[in-house]
Amino acid sequence: MGSASQVFSAKGLSKVYGEGETAVHALRGVDLEVAPGEFIVLLGASGSGKSTLLNILGGLDIPSGGELHFADHRLSGASEAELTRYRREHVGFVFQFYNLIPSLTVRENIALVTDIASHPMPVDEAISMVGLLPRADHFPAQLSGGEQQRVAIARAIVKRPELLLCDEPTGALDYQTGKLVLEVIAGVNQQLGTTAIVITHNAAIAAMADRVIYLGDGLIQRIERNARKLKPSELSW
Ligand SMILES: Nc1ncnc2c1ncn2[C@@H]1O[C@H](COP(=O)(O)OP(=O)(O)OP(=O)(O)O)[C@@H](O)[C@H]1O
């Protein structure tokens, strides 16, 4: 049984890609509890297992071993159909690249999600949260990279997910634009209470988090709690 007071409860999570001599042990026994509304930053060297962990938490991949619960749902051992439903109802994803549909406007890109969500917010409310209402009728190609990423965030949150999982959300953006995108993510976390887990290579971003998890070699090496969270505008790198 998972503890329903936690968003996630992971015990001994492992992930092996491939088999035999070429097997890659991407996760080697991760124990983790995540509380509702937490803002977590995931740091670690390339290949340390960050994306693997995030993908398993988000139901995009399945662990090879260990136990994982989301609230009181068991995700380890869930079927493909159950994972699809879990992702659809509970998880918003943001990746380094925005994956917007080029032939659809901002509003139409986001409306696609509300068609299949059970309790979405109004499309324009999501667009407004990311500060892009004046651009709602524009196409992705008419927007900057940072604006496209904000559309991707609006698309992720319009279904009111409990979780916002971000893999290198500022990886393709310059300094100022990256900060704006981080501000939007922090705003979602605060205003909607969405639990946020953000992978980054930028250690300065760690100061925004409630907790910082350092992954190394497929294991949690240490976890730090920030006494005071900084606003993205207070960060510098
Ligand atoms: N589909 C896959 N098949 C085989 N090996 C994989 C697969 N996905 C990841 N790996 C391996 O698992 C290990 C962990 O990868 P992962 O992408 O989780 O690391 P990461 O910390 O996110 O790295 P990066 O910062 O470079 O994105 C790496 O050695 C990687 O090569």
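Just so it is clear, the structure is predicted and the values come from calculations on it, not from any experiment. (Residues numbered from 1 in each chain as written. Predicted model: local features only at pLDDT ≥ 70, side-chain atom pairs only at ≥ 80, totals over all residues.)

## What about the overall build of the protein chain?
Our working definition: In DSSP terms, a helix is any run of H or I states spanning at least four residues, a strand is any run of E spanning at least two, and both are numbered starting from the N terminus. Put simply, the radius of gyration uses C-alpha atoms, and a globule should come to 2.2 Å times the residue count raised to 0.38. Backbone-placed C-beta atoms define the burial measure: a residue is buried with 20 or more other C-beta atoms within 10 Å of its own, exposed with 12 or fewer, and partly exposed in between. Once C-beta atoms have been placed from the backbone, residue pairs whose C-beta atoms lie within 7 Å are recorded as contacts.
On a plain count of helices and strands, the protein chain comes out with six helices and ten strands. Here the C-alpha atoms of the protein chain give a radius of gyration of 17 Å, agreeing with the 18 Å that 2.2 N^0.38 yields for 237 residues. With respect to the principal axes defined by its C-alpha atoms, the protein chain has extents near 50 × 40 × 35 Å. Expressed as a percentage of its 237 residues, the buried residues of the protein chain come to 40%. Within the protein chain, contacts between residues at least 6 apart in sequence are counted, and of these 69% link residues at least 24 apart.

## Concerning the site of the ligand
This is how it is decided: Should the C-beta atom of a residue, placed from the backbone, lie within 6 Å of a molecule or strand, that residue is near it. Note on residue categories: nonpolar means Ala, Val, Leu, Ile, Met, Phe, Trp, Tyr, Cys or Pro, charged means Asp, Glu, Lys or Arg, and polar means any other residue, Gly included.
Near the ligand you find Tyr 17, Gly 18, Val 24, Ala 26, Gly 44, Ser 46, Gly 47, Ser 48, Gly 49, Lys 50, Ser 51 and Thr 52, and these make up its full shell. Broken down by secondary-structure element, the contributors of at least two residues to the shell around the ligand are strand S2 (24-34) and helix H1 (50-57). For the shell around the ligand, the per-class residue count stands at three nonpolar, eight polar and one charged.

## Points about the pairing of strand S3 (residues 39-44)
As a reminder of what qualifies: Paired strands are those between which DSSP finds at least two bridges.
Where burial is concerned, most of S3 is hidden: six out of the six residues are buried. Of the two faces of S3, the one holding Phe 39, Val 41 and Leu 43 and the one holding Ile 40, Leu 42 and Gly 44 are both buried throughout. Pairing analysis gives four bridges linking S3 to strand S8 (residues 195-199), with the strands arranged parallel. Directly across from Val 41, in S8, lies its bridge partner Val 198. Bridge count for S3 against strand S9 (residues 211-216) is five bridges, and the pairing is parallel. Residue Ile 40 lies in a different strand from S9, and its bridge partner there is Arg 211.

## Overview of the packing of helix H5 (residues 145-157) against helix H6 (residues 175-192)
Heads up, the condition is: Only the stretch in contact is used when fitting a helix axis, every axis being a line fitted to C-alpha atoms; angles between N-to-C directions are given from 0 to 180 degrees. In what follows, roughly perpendicular refers to angles from 65 to 115 degrees, roughly parallel to angles under 35, roughly antiparallel to angles over 145, and oblique to any angle outside these ranges. Handedness of each helix crossing follows the sense of rotation of the near helix against the far helix: counterclockwise by less than a right angle gives left-handed, clockwise gives right-handed.
Contact geometry for H5 and H6: axes closest at 9 Å, N-to-C directions at 15°. Considering their axes alone, H5 and H6 lie roughly parallel with respect to each other. As H5 packs across H6, the resulting crossing turns out to be right-handed. In this structure, H5 uses Gly 145, Gly 146, Gln 149, Arg 150, Ile 153 and Ile 157 to contact H6, whose residues at the interface are Thr 177, Leu 180, Val 181, Val 184, Ile 185, Val 188 and Leu 192. Class assignment of the residues belonging to the contact of H5 with H6 gives a composition of eight nonpolar, four polar and one charged.

## A few points about the UniProt feature "domain: ABC transporter" (unreviewed entry) in the protein chain
Defined as follows: UniProt positions are given in the numbering used here, feature names are shortened, and annotations may be inferred rather than shown by experiment.
In this structure's numbering, the residues bearing the UniProt feature "domain: ABC transporter" (unreviewed entry) are residues 8-235. Taken end to end, residues 8-235 is 29% helix and 27% strand, and its two terminal C-alpha atoms sit 28 Å from one another.

## Regarding the nonpolar core
Filter applied, for reference: Put simply, a nonpolar core is a cluster of buried Ala, Val, Leu, Ile, Met, Phe, Trp, Tyr and Cys residues tied together by C-beta atoms within 7 Å.
Within the largest apolar cluster, 63 residues are counted, with the highest numbers of intra-cluster contacts made by Val 41, Leu 42, Ile 153, Ala 154, Leu 164 and Ile 185. Residue contacts for Leu 42: discarding those within four places in its chain leaves Lys 50, Leu 54, Ile 197, Val 198, Ile 199, Ile 213 and Leu 215.

## Quick look at the sheet that holds strand S4 (residues 65-70)
A sheet is described by the order of its strands in space; here four strands give the open sequence S2-S1-S4-S5, paired in antiparallel fashion. Edge positions in the open sheet fall to S2 and strand S5 (73-74), since each of these has one partner strand only. Pairing analysis gives two bridges linking S4 to S5, with the strands arranged antiparallel. Each residue of the ladder has a partner; that of His 69, found in S5, is Arg 74.

## Considerations on H1
Within H1, six of the eight residues are buried, which leaves it mostly tucked inside the rest of the structure. If you check which residues of H1 are buried, you get Lys 50, Thr 52, Leu 53, Leu 54, Ile 56 and Leu 57. Phi turns positive, to about 75°, at Gly 59, one or two residues after H1.

## Remarks on the packing of helix H3 (residues 106-114) against H5
For the pair H3 and H5, interaxial distance at closest approach is 8 Å and the crossing angle is 25°. When the interaxial angle is binned, H3 and H5 end up roughly parallel. Viewed along their axes, H3 and H5 form a crossing whose handedness is right-handed. Across the interface between the two elements, Val 106, Asn 109, Ile 110 and Val 113 of H3 pack against Val 151, Ala 154 and Arg 155 of H5. By residue class, the composition of the contact of H3 with H5 is five nonpolar, one polar and one charged.

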